[in-house]
Amino acid sequence: MEEPLTVVIDGAQPPSAATVHAVRTVCDQAEDRPGAGVVAVRVSGAPAAGWTDGLEVMGINKWERTLRRLERLPRATVAVASGDCGGPALDAFLTCDIRVVTPGTRLLVPGDGTATWPGMAGYRLVQLAGAARVRRALLFGLPIEAPEAVALGVADELADDPAGAVAAAAALAGGLTGKEVAIRRQLLFDAATTSFEDALGPHLAACDRALRTPVVEAS
């Protein structure tokens with residue numbers, strides 16, 4: 001089995017040019033390697049007071065666009081969070097297909113000195129769990145403990161062994177074609193906001209694509 005491509009994100013640091021570069025690099029590698037396999041995203045750390053000093057909207061925009069690229073990769077993605085996880089670590093965690101938390105993990109929406117940070121992590125949390133269930137985290141910064149994250153659907157699994165969790169995700173995605181995974185993922189995203197009539201065409205196109213693709217028998 002192919003070793004997963006891996007990127008490590010430290011949430012104690014604000015999103016920087018180096019963080020953007022690291023994620024873009026793993027995205028480049030994933031896009032240059034056709035076929036199956038997963039991208040592993042290891043995240044930990046949460047911002048301290050004053051973490052927004054020096055941040056600019058242009059840099060935040062680059063970070064969010066880079067995350068969107070990670071979210072749409074033609075490969076399955078698996079994130080493993082440990083310890084306190086906020087800022088860019090939480091951002092990246094929420095973009096992944098499979099999200100694993102280790103015991104003691106806390107997902108944190110950090111503050112910016114006046115209120116909680118209004119980044120796209122809030123949007124993704126609501127998409128995953130619903131507004132009412134993450135209201136206190138988004139408005140008041142209350143941590144989401146690991147068991148609660150699983151109960152809310154924000155995380156998929158609570159695991160003691162991060163490496164084992166990544167290996168299990170790789171096995172789950174084994175044999176799946178990355179580009180096809182990306183198409184199914186997009187259909188999944190669209191289903192929450194698209195009417196049946198508007199969704200039918202893309203689903204039929206995906207079915208037609210699947211029917212036209214030769215089936216490779218396992219040896």
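Above: the structure in question.
Position labels on residues start from 1 in each chain and follow its written sequence. In view of the model being predicted, local features appear only for residues whose pLDDT reaches at least 70, and side-chain atom pairs are presented and counted only at 80 or more, with totals across whole chains, interfaces and linings using the full set of residues. For side-chain calculations, the full set of non-hydrogen atoms in the structure is used, while hydrogens and water are omitted.

Student: Any chance you could explain the packing of aromatic side chains here in plain terms?
Tutor: The description of two aromatic rings rests on the distance between their centres and on the angle between their planes. Side-chain rings of Phe, Tyr and Trp (the six-membered ring for Trp) are treated as a pair once their centres are within 6.5 Å; stacked means planes under 30 degrees apart, edge-to-face means over 60, and tilted covers the remaining angles. Taken as a whole and judged by the stated rule, the model has one aromatic pair. Seen in terms of ring centroids, tryptophan 51 and tryptophan 117 are 5.2 Å apart; in terms of plane orientation they differ by 70°. Their pairing is edge-to-face. With tryptophan 51 in the loop between β2 (38-45) and α2 (57-71) and tryptophan 117 in the loop between β5 (106-108) and α4 (120-129), the pair connects residues that are 66 residues apart, well separated along the chain. Between buried and exposed lies partly exposed: a residue is buried under 20% and exposed over 50% of the maximum accessible area for its type, with that area taken using a 1.4 Å probe on protein chains only. The class of tryptophan 51 is buried, set by a relative accessible area of 8%. The exposure class assigned to tryptophan 117 is partly exposed, which follows from its relative accessible area of 23%. Only DSSP runs of H or I reaching four residues or more are called helices, and only runs of E reaching two or more are called strands; each is numbered from the N terminus.

Student: It is not clear to me how α4 should be interpreted in this structure. Could you clarify?
Tutor: Two residues of an α-helix separated by three or four positions point the same way, owing to the 3.6 residues in each turn. Within α4, burial applies to Ala121, Gly122, Arg124, Leu125 and Ala129. Each buried residue of α4 lies within a common arc of 165° when the element is viewed along its axis, so the set occupies one face. Note on contacts: a residue pair qualifies if any of its non-hydrogen atoms lie within 4.5 Å across the two residues. In this fold, the buried residues of α4 make contact with α2, α3 (88-95), α5 (135-140), β6 (144-145) and α6 (146-152). Just downstream of α4 lies glycine 130, where phi reads positive at about 95°. An arc is given here, and it is the one of the directions from the helix axis to the C-beta atoms.

Student: Explain the pairing of strand β1 (residues 5-10) to me, please; I cannot follow it from the model alone.
Tutor: On any regular strand, side chains alternate: one points to one face of the sheet, the next to the other face. Residue alternation in β1 divides its side chains into a buried set, Leu5, Val7 and Ile9, and an unburied set, Thr6, Val8 and Asp10. In terms of strand pairing, β1 meets β2 through six bridges, oriented parallel. In the strand pairing of β2, aspartate 10 is matched with serine 44. In this scheme, strands are said to pair when DSSP sees at least two bridges between them.

Student: I would appreciate a short explanation of the packing of α2 against α3 in the present structure.
Tutor: If you want to describe how two helices pack, look at the angle between their axes and the distance between the axes. To obtain each axis, a line is fitted to C-alpha atoms, and for helices this fit is confined to the stretch in contact; angles are then taken between N-to-C directions over 0 to 180 degrees. Interaxial distance between α2 and α3 falls to 9 Å at its minimum, and their mutual angle equals 30°. On the basis of the axis angle, α2 is roughly parallel to α3. Considering the relative orientation of α2 and α3, their crossing is right-handed. Residues Trp63, Leu67, Leu70 and Glu71 of α2 form the contact with α3, whose participating residues are Pro88, Asp91, Ala92 and Thr95. Classification convention: Asp, Glu, Lys, Arg as charged; Ala, Val, Leu, Ile, Met, Phe, Trp, Tyr, Cys, Pro as nonpolar; all other residues, Gly among them, as polar. Split into classes, the residues belonging to the contact of α2 with α3 amount to five nonpolar, one polar and two charged. Angular relationships are summarised with four words: roughly parallel below 35 degrees, roughly antiparallel beyond 145, roughly perpendicular across 65 to 115, and oblique for the angles in between. Should the near helix be turned anticlockwise from the far one by less than a right angle, the crossing is termed left-handed; should it be turned clockwise, right-handed.

Student: Can you help me understand the pattern of salt bridges in this one?
Tutor: Pairs can form between side chains of opposite charge whenever their charged atoms are close. Every case where a carboxyl oxygen of Asp or Glu lies within 4 Å of a side-chain nitrogen of Lys or Arg is listed as a salt bridge. Counted according to the given criterion, the structure contains seven salt bridges. For arginine 68, the salt bridge identified is with glutamate 71, shortest N-O distance 2.8 Å. Taken as a pair, arginine 68 and glutamate 71 lie in helix α2 at a separation of three residues, close to a single helical turn. A salt bridge links glutamate 71 to arginine 124, with the nearest nitrogen and oxygen atoms 3.0 Å apart. One end of the pair, glutamate 71, is in helix α2; the other, arginine 124, is in helix α4, with 53 residues separating them in the sequence. We classify arginine 124 as buried; its relative accessible area is 8%. Here the salt bridges share partners, and the residues they tie into one network are Glu64, Arg68, Glu71 and Arg124.

So, to be careful, I would describe these as geometric facts and stop short of saying anything about function.
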